[in-house]
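Now for the letters of each chain:
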Amino acid sequence: MTALTAQMASDGGPWRLYVVLFGESEWPTFRWERSAPVPTVAERRAVLAGLGYEVAPGAQWSWIEDSRIYSDDSTPVVLIAAVDVREQEGAAA
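Since we're looking at a predicted model, the values are computed, not measured. (Residues numbered from 1 in each chain as written. Predicted model: local features only at pLDDT ≥ 70, side-chain atom pairs only at ≥ 80, totals over all residues. Heavy atoms only, no water.)

Caption draft 1: Quick look at the environment of Leu51. With respect to the helices, strands and loops of the structure, Leu51 is situated in helix H1 (residues 41-51). With a relative accessible area of 24%, Leu51 lands in the partly exposed category. Each C-alpha atom, one on Leu51 and one on Pro28, is 6.4 Å from the other, the two residues being 23 residues apart in sequence. Ignoring any residue separated from it by four or fewer positions in sequence, one finds Leu51 in contact with Leu17, Pro28 and Thr29. (Helix = DSSP H or I, 4+ residues; strand = E, 2+ residues; numbered from the N terminus. Buried < 20%, exposed > 50% of the residue type's maximum accessible area, 1.4 Å probe, protein only. Contact = heavy atoms within 4.5 Å.)

Caption draft 2: Looking closely at H1. Arg44, Val47 and Leu48 are the residues of H1 that are buried. One side of H1 holds all its buried residues, which, seen down the axis, span an arc of 100°. In H1, those exposed residues whose orientation departs by more than 90 degrees from the buried face are Ala46 and Gly50. Looking at the buried side of H1, the elements it contacts are strand S1 (4-10), strand S2 (16-20), strand S3 (29-31), strand S4 (53-55), strand S5 (62-67) and strand S6 (77-87). (Arc of directions from axis to C-beta.)

Caption draft 3: Spotlight on unusual backbone geometry. Phi is positive for Ser71, which is not a glycine, with a value near 65°. Of note, Ser71 is situated in the loop between S5 and S6. By relative accessible area, Ser71 is classed as exposed at 65%.

Remember that the coordinates give geometry; whether it matters functionally is a separate question.
Spelled out as structure tokens, the structure:
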């Protein structure tokens, strides 16, 4: 199985969770309808499972912040969480 990265991000609006698939034009994505609070780890795990992925053994979510406009720290903050994931055991490739 190949190690991949899932990211979850929000700029104050609804949270989005997606699995980064290099070389692909569309990534598996889920968008929560609410803006806050931050989705729980259990909610994220359920969404990943619905997309066919699971958190890699031993992996933990990490958080960073960025600016909505790259290199312009006067713009609203974008919060980004990331975790290593893999295709779910038994999932069709």
